[in-house]
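Listed below, chain by chain, are the residues.
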Amino acid sequence: MNGSRASRVGLLVLTALLFVVALYMVFIFVPNIKNLRADRIFYFHVPVDWAAFLAYFVVFISSIAYLRSRDNKWDIVATSAVEIGIVFNTLMLVTGSIWARPNWGTWWNWEPRLTTALVLWVVYVGYLLVRGYASGRDQAARLSAVIGIVGFVDVPIVFLSTTWWQLQHPGHLVFETGGLAPSMLAALMVSLAAFTGLFFVLLVERVSLKNAEAELRMLMDSME
Amino acid sequence: MSFWKKVAAITRKDALTELRTKEVVFTVLVFAILVIVIFNFAFGTTPEALALVGPGILWVTFAFSGVLSLNRAFISEREAGCLEGLMAAPMSREAVYVGKMLGSLISMLVVEVVALPIFALFFNLNVLSLALIVTTLLATIGFVAVGTLFSALAVNTRAREMVLPILFLPIVVPVIISAVKASGLALTGGSWGDMFQWLQIIIAFDVIFLVVSYLVFGYVIEE
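Just so it is clear, the model here is predicted, and its values are computed rather than measured.

### A word on the pattern of salt bridges
Working definition: two side chains of opposite charge can pair if their charged atoms are close together. The full count for this structure, using the stated rule, is 10 salt bridges over all chains. For Glu205(A), the salt bridge identified is with Arg8(A), shortest N-O distance 3.0 Å. Of the two residues, Glu205(A) sits in helix H7 (residues 182–223) while Arg8(A) sits in helix H1 (residues 5–29), which places them 197 residues apart along the sequence. One salt bridge connects Asp71(A) with Lys73(A), and the closest N-O pair in it is separated by 3.8 Å. Judged by relative accessible area, which is 32%, Asp71(A) ranks as partly exposed. Beyond isolated ion pairs, a larger network of salt bridges with shared partners links Lys13(B), Asp14(B), Glu77(B) and Lys100(B).

Given below as structure tokens:
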């Protein structure tokens, strides 16, 4: 994951460009929706959700890879992805609440996607807590990999049970009433691409920072 | 020895220790009664209020008592240095998982068998229905499937007792939701058809997490 410097800069520039295009499309190109307030947050809320799930999926895959190979690089990828995932997950809860307040009249209701997002947040914060409580690096890697797997497997079941428990989310609105207008869909896609780029920029930077930390630790150990 | 004989040996060991000391079951039972009493103060005692929050109280009680007894499952092994013995024993880690899981299942079921009538008595609810018993059994299997894994995980960390509830409670959210809904239907005489919607989530959870925990348990108790 250490990528050469050129490709890292390339990824960063590409992501920055995508964000500029996404901002233009969201605020200028896309028409207003009459009966919804704060509707443009949609173009940030959905990509942030996607980035959080992508991050947790990366955690799941890297956790399995770590347990199979015991290669520390997978542990570094998994923890970096958890940290980034929690940031996106928090943004998901915040942007959702900002949208919900003017449209539903409350900051929070126990709607399935909200509840699932909150449960996920708690699971992955638990992941980081356990790392803090583990004795030794190998144990931390092993135990958190197990949580990374179990936590991800739980997602669909949590979602299903909370969906049957209560239904009310604009997702149904979007997909059941003929979908989005083409311009809106285009803006959403660009925004999704931008946030996907951002996720990988952050992941690559965090992984290389952690690698540098590990290298530094090794050097310091060898000096003693 | 075959796999199941080894499993039975571990479960029997846990059951025997528990029968001699009656430590876990008795303590957890007292705790369960205390939770019921506290909830009684928190939600009031009118029949309407009880009908509304009854199933919720039941499952909060079982979930919290579950955390308490599951924590003991591996802490007691650790205290007497038995964990090393288990690891050195000529059996797979999977056999240890299934054996400990069945041991915890038995002790939780004993607590529930005693707590359910007490619950019925205090709240004047009809709990002795087949529907409620099936729900309780299925949900408890889900609790111990994940709980045994996380209990073993927690015991090797520095925070021990704090780790299990933090990991266990969010993961079992689907079981708690479905068990509350299914018990609500069972207590108000709902049909099996309505209940099945919720029971199938619990069954899916049980199967998925028995398999996943079985597969990853070995990594948790490695040292």
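Next comes the rest of the write-up.
### Some details on the nonpolar core
Of all hydrophobic cores here, the largest spans 134 residues; its most connected members are Tyr124(A), Phe143(B), Phe150(B), Leu153(B) and Phe209(B). When residues in this core are grouped by element, the largest group, 14 residues, is from helix H6 (residues 130–155) of chain B. Discounting residues that sit within four places of it in the chain, Tyr124(A) has contacts with Tyr56(A), Val59(A), Val82(A), Ile86(A), Gly148(A), Gly151(A) and Phe152(A).

### A word on the interface of chain A and chain B
Bring the parts together and some accessible area is lost; that lost area is often taken as the interface size. Facing 29 residues of chain A, the contacting portion of chain B comprises 31 residues. Summed over both sides, the interface of chain A with chain B buries roughly 2,700 Å², with 75% coming from carbon and sulfur. Here chain A is connected to chain B by 4 residue pairs in polar contact (both at pLDDT 80 or more). Elements represented by at least two residues in the side of chain A that touches chain B include exactly helix H4 (112–133) and helix H5 (137–165) of chain A. Class assignment for the residues of the side of chain A that touches chain B results in 19 nonpolar, 7 polar and 3 charged.

### Regarding the packing of aromatic side chains
Within this structure, the stated rule accounts for 21 aromatic pairs over all chains. Aromatic pair Tyr97(B) and Phe217(B): ring centres 5.2 Å apart, planes at 45°, arrangement tilted. In this pair, Tyr97(B) sits in helix H5 (residues 93–123) while Phe217(B) sits in helix H9 (residues 192–220), placing the two residues 120 residues apart along the sequence. Taken together, a centroid distance of 5.6 Å and an interplanar angle of 70° make the contact between Phe143(B) and Phe168(B) edge-to-face. Note that Phe143(B) is positioned in helix H6 and Phe168(B) in helix H7 (residues 163–171), a separation of 25 residues in sequence. The exposure class of Phe168(B) is buried, given its relative accessible area of 0%. By the ring-pair criterion, three or more aromatic residues cluster together here, those being Phe19(A), Phe27(A), Phe44(A), Phe88(A) and Phe195(A). Above the ring of Phe74(B), the side-chain terminus of Lys100(B) is found at 5.1 Å from the ring centroid.

### Observations regarding the side chain of Thr148(B)
Residue and element names in this part refer to chain B. Among the structural elements, Thr148 can be located in helix H6. A polar contact is formed between the side chain of Thr148 and the backbone oxygen of Val144, at a distance of 2.7 Å. Aside from chain neighbours lying at most four places away, what touches Thr148 is Leu70, Phe74, Tyr97, Lys100, Met101, Ser104 and Phe217.

### Brief notes about a nonpolar patch on the surface
A contiguous nonpolar surface patch, about 530 Å² in accessible area, is contributed by Phe196(B), Ile203(B), Val207(B), Val211(B), Tyr214(B) and Leu215(B). The topology assignment puts Leu215(B) in helix H9.

What counts and what doesn't
Residues numbered from 1 in each chain as written. Chains lettered and ligands numbered in written order. Predicted model: local features only at pLDDT ≥ 70, side-chain atom pairs only at ≥ 80, totals over all residues. Heavy atoms only, no water. Salt bridge = Lys/Arg side-chain N within 4 Å of Asp/Glu carboxyl O. Helix = DSSP H or I, 4+ residues; strand = E, 2+ residues; numbered from the N terminus. Buried < 20%, exposed > 50% of the residue type's maximum accessible area, 1.4 Å probe, protein only. Core = buried A, V, L, I, M, F, W, Y, C linked by side-chain atoms within 4.5 Å. Contact = heavy atoms within 4.5 Å. Buried area = accessible area lost by both parts, 1.4 Å probe. Polar contact = N/O pair within 3.5 Å; in protein donor to acceptor, adjacent residues only side chain to side chain. Nonpolar A, V, L, I, M, F, W, Y, C, P; charged D, E, K, R; others polar. Phe/Tyr/Trp six-rings, centres within 6.5 Å; stacked < 30°, edge-to-face > 60°. Lys NZ or Arg CZ within 6 Å of the ring centre and 35° of its normal. Patch = residues over 30% accessible without salt bridge, like charges linked within 9 Å, V, L, I, M, F, W, Y side chains within 5 Å. Areas by Shrake-Rupley, 256 points an atom, 1.4 Å probe, with all protein chains shown as cover.

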